[in-house]
Amino acid sequence: MLTTSQQLSRRGFLRGVGLSGAAISIGLPAFESQFNSSGTAYAAAAGAAQPIETRFVFWFNGNGIIEKYWIPREDGPDYELTPCLQPLARFKNDIHVLSGVDNPAARMPGPGNGHHNSMSGLVAGEMFSGRGAGGPSIDQSIAQKIGDNSRFRSLQIGVCQESFGESIQRNMSWAGRDRPLPPEMIPHRLFDRLFGSKEQYWIERKKSILDAVTGEAKSLSTALGASDKQRLEEYLASVRSLERSVASLPPEYSQVVEQPPEGGDLKDWPRIAKLQTDLMVHALASRQTRVASYMLTKCQGLSRFPWLGYTYERHHEYTHGRVETPEGQRIMRDINRWHVEEFAYFLAKLKSIPEGDGTLLDHTCALYVHEHAEANSHKNAGLAMIAAGHAGNMKTGLHTRITGTVGDLYLTLAEEVVGARLGSFPTADKKLAEIV
C-alpha cells in the first residue's frame with residue numbers, strides 16, 4: 001500500500017502485477033496538492049520549492065512546403081494566418097511563426113542528395129556523413145542535459161512509415177554521428193512501453209491494465225482532495241479510452257510497412273497520428289519524459305493521402321513535377337494543411353491539461369520543422385518553422401523573419417527557453433533576441 005508521501009510524490013506511479021507476474025506502471029499526472037499556494041512551483045516539505053519542469057518536443061514533417069500558402073506576408077503580431085496555418089487560429093497567441101531560418105550545413109560539399117544533406121543539417125547542424133546525421137540531433141543534445149531524472153531520457157515517436165530506405169530518411173533523432181534512435185511507429189508497442197504491459201490479456205486488450213492497479217488507485221483516491229480526486233478519475237478514464245482505441249485498430253496496423261505495394265492504399269494515418277500524440281502527451285503530462293521527437297511523415301516521405309482524396313501519387317512525387325501547376329500547388333497546400341492540423345491537435349491536448357497555475361502547454365516548448373523550405377527546389381535557406389508554448393517566457397503571437405541559422409535558433413531555445421545549458425551547437429554563433 002502506498003504511503004501518503006509516495007501517493008503525492010512528483011513522479012508518482014500506480015504499480016501492479018499482472019497475471020503472469022509482469023510489472024504494470026501507470027504514470028500519474030500533476031495534482032493541485034503537489035504545488036505551492038500560487039501554483040508556480042512544486043511544494044517542498046523542507047528546503048526550496050522545486051520549479052515545474054519544462055518539456056521540449058521536436059516535431060517533424062518531411063518534404064517541405066509551398067511557401068506562398070504557408071509563410072505569412074506580414075511581420076509582427078498583426079500577421080494574417082495563411083491557408084496552411086489556419087488550423088492554428090485558436091492558438092495564435094501560443095505560437096511564434098518563424099521564417100528565414102538558414103541551414104548552412106546542408107550546403108557543405110559531401111555525399112548525399114538534397115534531402116540527405118538538409119535533414120542532417122536540420123537535426124544536427126552537421127553535414128551528412130554518407131550514412132547518417134553528422135552528430136547528435138538537437139533533441140538528444142537537450143535530453144543529455146535535462147533527461148536524466150526522467151523514466152525515459154527521451155521518447156522517439158513516428159506515424160507515417162513510408163520513405164526511401166536510408167537511415168537519414170527514416171530517423172530524426174540521433175544519439176551521435178551515424179547513431180540513429182528509430183521512432184516507435186506502432187501504437188501497440190508505444191502503449192506497452194509506457195505502461196509496462198507485455199501480457200497476452202492486455203496485448204489482446206481483453207482486460208484493462210487498470211485492473212492491475214485497482215487497489216493502489218483506491219488508496220490514492222482516499223488521500224486526495226475533491227478536485228484532485230476528480231483529476232485522478234478523469235485521468236484513469238483517459239488511459240482506458242486510449243487502451244480501447246489501440247484495441248480497435250485492425251490487426252495489420254501492428255506491423256511496420258516501410259514501402260507498400262505499388263497502387264496499394266496506405267493506412268489511416270490521421271487515426272494513428274492522434275493515438276501517437278495522445279500517448280506522447282500522456283508521457284509528458286505524467287513526467288515520464290521531458291524530451292520527445294515526433295516524426296509525423298518521413299524525410300523524402302512516400303505517403304499517399306486517401307483521407308484528402310489524393311492517391312494518384314505519393315508525397316515526394318507531389319512535391320515535384322505537377323507541383324508547378326495551380327492544381328499541384330493546391331494539392332501540396334492541402335497536404336501541408338493536414339500536417340498543421342495534426343500539430344494543432346497536439347497543442348490542444350497540451351492546453352487541455354492543467355499543471356500548476358497554468359497548463360502543460362505553458363511549460364512546453366514545441367518546435368515544428370521541415371527538412372526544406374520550398375519543397376520543389378529543395379530549398380535549405382529560409383526555412384519556415386513554428387515554435388509553440390510558453391516555457392521560459394518564449395515570445396509568442398508573432399511572425400518573425402529570422403536572420404540566423406538553425407544552430408542559432410536551437411541554442412537560443414535550448415538555453416533560454418528549455419533550460420538546457422548546451423554551451424554551443426553546430427552552426428550557432430549567436431542567440432536570437434527575437435525569441436525571448
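Computed from a predicted model, the values in this text were never measured in an experiment. (Residues numbered from 1 in each chain as written. Predicted model: local features only at pLDDT ≥ 70, side-chain atom pairs only at ≥ 80, totals over all residues. Heavy atoms only, no water.)

Undergrad: Honestly, the pattern of salt bridges in this entry has me stumped. Any pointers?
TA: Any two side chains of opposite charge can pair, on the condition that their charged atoms come close. All chains considered together, the criterion is met by 15 salt bridges. A salt bridge links Glu342 to Lys274, with the shortest nitrogen-to-oxygen separation between them at 2.9 Å. One end of the pair, Glu342, is in helix H12 (residues 326-351); the other, Lys274, is in helix H10 (residues 269-285), with 68 residues separating them in the sequence. The salt bridge partner of Glu416 is Arg421, with a shortest N-O separation of 3.9 Å. What makes Glu416 partly exposed here is its relative accessible area of 33%. Here the residues in one salt-bridge network are Glu415, Glu416, Arg421 and Lys431, joined through shared partners. (Salt bridge = Lys/Arg side-chain N within 4 Å of Asp/Glu carboxyl O. Helix = DSSP H or I, 4+ residues; strand = E, 2+ residues; numbered from the N terminus. Buried < 20%, exposed > 50% of the residue type's maximum accessible area, 1.4 Å probe, protein only.)

Undergrad: Help me understand the environment of Ser120 in this model?
TA: In this structure, Ser120 sits in helix H3 (residues 114-124). With relative accessibility at 0%, the residue Ser120 sits in the buried group. Linking Ser120 and Thr319, residues 199 residues apart in sequence, is a C-alpha distance of 20 Å. In this structure Ser120 touches Gly125, Glu126, Met127, Phe128, Gly132, Ala133, Gly134 and Ile168, once residues within four positions along its chain are discounted. (Contact = heavy atoms within 4.5 Å.)

Undergrad: How should the packing of helix H9 (residues 226-247) against H10 be read in this particular structure?
TA: The relative placement of two packed helices is expressed as an angle between their axes plus a distance between the axes. Relative to each other, H9 and H10 sit at 145 degrees, their axes nearing to 11 Å. In the packing of H9 onto H10, the handedness of the crossing is left-handed. Here H9 contributes Tyr235, Val239, Leu242, Ser245 and Val246 to the contact with H10, which in turn contributes Leu275, Asp278, Leu279 and His282. Of the residues contributing to the contact of H9 with H10, the split by class is 6 nonpolar, 2 polar and 1 charged. (Axes fitted to C-alpha atoms, helices over the stretch in contact; angles between N-to-C directions. Left-handed = near helix turned anticlockwise from the far one by under 90°. Nonpolar A, V, L, I, M, F, W, Y, C, P; charged D, E, K, R; others polar.)

All we've got here are geometric facts, nothing functional implied.
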